[in-house]
Amino acid sequence: MPNYRIAWLPGDGIGVEVCQAARTVLDAAGFQAEYLPGDIGWEFWRTEGEALPVRTVHLLKSTDCAFFGAITSKPAKEAARELVSGLQDKGLSYRSPIVRMRQLLDLYVCLRPCKAFPGNPLNYREGIDLAVFRENTEGMYIGVEYPRVPEIFYQQAGMERIPRTAAISLRSITPEGSRRIVKAAFDYAVKNGRRKVTAVHKANVLRATCGVFLEAARQVAGEYPQIAFDEANVDAICMWLLKNPHSYDVIVTTNLFGDILSDLCAQLVGGMGFGYSGNIGERYAVFEPTHGSAPKYAGQDKVNPLATILAAKMMLEWLGEKDKAAAIEQAVAAVVAQGAVRTYDLGGSATTSQMAAAVAAALGR
Ligand SMILES: NC(=O)c1ccc[n+]([C@@H]2O[C@H](COP(=O)([O-])OP(=O)(O)OC[C@H]3O[C@@H](n4cnc5c(N)ncnc54)[C@H](O)[C@@H]3O)[C@@H](O)[C@H]2O)c1
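Remember, it's a predicted structure, so these values are computed and weren't measured experimentally. (Residues numbered from 1 in each chain as written. Predicted model: local features only at pLDDT ≥ 70, side-chain atom pairs only at ≥ 80, totals over all residues. Heavy atoms only, no water.)

Peer 1: What's the story with the confidence of the model for the chain in this structure? I'm lost.
Peer 2: Low-confidence regions, as indicated by low pLDDT, have predicted coordinates that should not be scrutinised in detail. Within the chain, residue pLDDT values average 92, and 91% of them lie at 70 or more. Low pLDDT, under 50, characterises residues 86-91; the predicted model gives this stretch 10 contacts beyond four residues in sequence or across chains. (pLDDT = per-residue confidence, 0-100. Contact = heavy atoms within 4.5 Å.)

Written out as structure tokens, the structure is:
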């Protein structure tokens, strides 16, 4: 009998192929679960005007956790076209279904581990092992925006754009939201034998909002005297991460800064084919690769599935299936180190499914 109920959300484009690859590995690891497919993404926006249908939200509420592939977002140009063709509501109401899942289910932790697998030809340096904690529910992504008049209005009217028109996006940072993400980072550091937590901010300019975050970070740091704590400006740390990535260990920051920094960190250890994350709350979590739907590769069985396989590993860790999770990580490490089966991004010609089969086979050894 399956032990877990998993909401299975492949989404769009390569999301479908990489989720299939993850299933191959989960099955080979002997993980027993009931997988309940859910609708999400571009197709549902197009046909129903809703990228995260309510039935999918109900599915999330009735499962242990969710596994998500990728979605295609609404292109900005299309939103503007809808505005002028009278579909105002549609044009303005598109919201990222991922951001909505995070907010609806209060998945306030976005954890993105970035570990260099030995022998990965895409490693920036060997031995990098970072964990980025990004606050997932507030900051610049609360969705409160005041748009300027879309460019296309001016084009259609044959008018020059008035340079005065402005747009505003609001940033909200709360002491509670800051405290819980920093605490999650310190708890992770303690549990995983990490030595240091770095709080990333821009408090010299964004004095009010980053000030709230930094004050909470300092307070929480005082409760963990066994873990070193330091602070860095977001611009400076981008430079230092490239110059000396081994100086950092656990990084904690606000939503937008974390979104950007975690992509930078993923690139240090192999890029899109290796970046994965968990969106984690008190009772529920959604696991995903960090890449998008890569439409130009969709349906070609070509992209690297390791990010998604590692997201599956993270899901097992969260569910408490530690041995199976460790076995998957070792199997990934073995396939990367051997280098016999590599997708195009790693310089090889193996397919997505061949790479998944290689990891599954390595599990048996
Ligand atoms: N979490 C998500 O679902 C998510 C994240 C980012 C972008 N998006 C959306 O995805 C669509 C495409 O966006 P994009 O092209 O900017 O980003 P993308 O991540 O989909 O792809 C960018 C490029 O990265 C490479 N790449 C991505 N995944 C790879 C993999 N597994 N293996 C090897 N190479 C890989 C490919 O060269 C690809 O063309 C857009 O609609 C975007 O909004 C979704």
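Peer 1: Just to check I follow, could you spell out unusual backbone geometry for this structure?
Peer 2: One non-glycine residue, Ala-294, adopts positive backbone phi at about 35 degrees. For Ala-294, the position within the fold is in the loop between β12 (285-289) and α12 (306-319). The partly exposed category is assigned to Ala-294, whose relative accessible area is 28%. Phi is positive for Asp-301, close to 55 degrees, though the residue is something other than glycine. Look at Asp-301 and you get partly exposed, because its relative accessible area is 27%. (Helix = DSSP H or I, 4+ residues; strand = E, 2+ residues; numbered from the N terminus. Buried < 20%, exposed > 50% of the residue type's maximum accessible area, 1.4 Å probe, protein only.)

Peer 1: Sorry if this is basic, but what is going on with the sheet that holds strand β1 (residues 4-11) here?
Peer 2: By definition, the strands of a sheet pair up through backbone hydrogen bonds, in either a parallel or an antiparallel sense. Taking strand neighbours across the sheet as the criterion, the 10 strands line up as β2-β1-β3-β12-β11-β4-β5-β10-β8-β9 in an open arrangement whose pairing is mixed. Whereas interior strands pair on both sides, the edge strands pair on one side only; in this sheet they are β2 (33-37) and β9 (228-233). Neighbour-to-neighbour, the strand axes of the sheet open up by a mean angle of 20 degrees, direction not taken into account. One ladder, built from six bridges, connects strand β8 (residues 196-201) with β9; its direction is parallel. The partner of Val-200 across the bridge, within β9, is Ala-232. Sitting on the sheet, helix α3 (residues 54-61) is in contact with β1, β2 and β3 (65-70), with an inclination near 150 degrees to β1. Along the sheet, helix α9 (residues 207-222) makes contact with β8, β9 and β10 (250-253), crossing β8 at roughly 165 degrees. (Pairing = 2+ DSSP bridges. Axes fitted to C-alpha atoms, helices over the stretch in contact; angles between N-to-C directions.)

Peer 1: Sorry if this is basic, but what is going on with the domain arrangement of the chain here?
Peer 2: How big an interface is tends to be stated in terms of the accessible area lost upon association of its parts. Domain parsing of the chain yields domain 1 (1-128 + 269-365), domain 2 (139-172) and domain 3 (173-250 + 261-268). For domain 2 and domain 3, the distance between their C-alpha centroids amounts to 32 Å. (Domains from an automatic or database assignment.)

Peer 1: Could you clarify how one ought to interpret the site of the ligand in this entry?
Peer 2: Taken together, 21 residues lie near the ligand, and Ile-71, Ser-73, Gly-292, Ala-294 and Tyr-344 sit nearest. Ile-71 places a main-chain nitrogen or oxygen 2.9 Å from an oxygen atom of the ligand. Separating a nitrogen atom of the ligand from a side-chain N or O atom of Tyr-344 is a distance of 2.8 Å. With the chains in place, 69% of the 810 Å² that the ligand exposes on its own is no longer accessible. Grouping the constituent residues of the shell around the ligand by class yields 11 nonpolar, seven polar and three charged. (Near = heavy atom within 4 Å. Polar contact = N/O pair within 3.5 Å; in protein donor to acceptor, adjacent residues only side chain to side chain. Areas by Shrake-Rupley, 256 points an atom, 1.4 Å probe, with all protein chains shown as cover. Nonpolar A, V, L, I, M, F, W, Y, C, P; charged D, E, K, R; others polar.)

Peer 1: Even after reading the chapter, I still don't get a nonpolar patch on the surface, so can you show me in this structure?
Peer 2: A contiguous nonpolar patch, built from Val-144, Tyr-146, Ile-168 and Leu-170 and spanning about 340 Å² of accessible area, is present on the exposed surface. Within the secondary structure, Tyr-146 is located in strand β6 (residues 145-146). The class of Tyr-146 is partly exposed, set by a relative accessible area of 48%. (Patch = residues over 30% accessible without salt bridge, like charges linked within 9 Å, V, L, I, M, F, W, Y side chains within 5 Å. Salt bridge = Lys/Arg side-chain N within 4 Å of Asp/Glu carboxyl O.)

Peer 1: Explain the pattern of salt bridges to me, please; I cannot follow it from the model alone.
Peer 2: Side chains that differ in sign of charge can pair as their charged atoms come close. For the structure shown, the criterion picks out 22 salt bridges. Ionic pairing is found between Arg-55 and Glu-48, a salt bridge with its closest N-O pair at 2.7 Å. Arg-55 gets classed as partly exposed once you look at its relative accessible area, which sits at 42%. Note on Glu-48: relative accessible area 41%, which makes it partly exposed. Overlapping salt bridges bring together Lys-115, Lys-313, Glu-317 and Glu-329 as one network.

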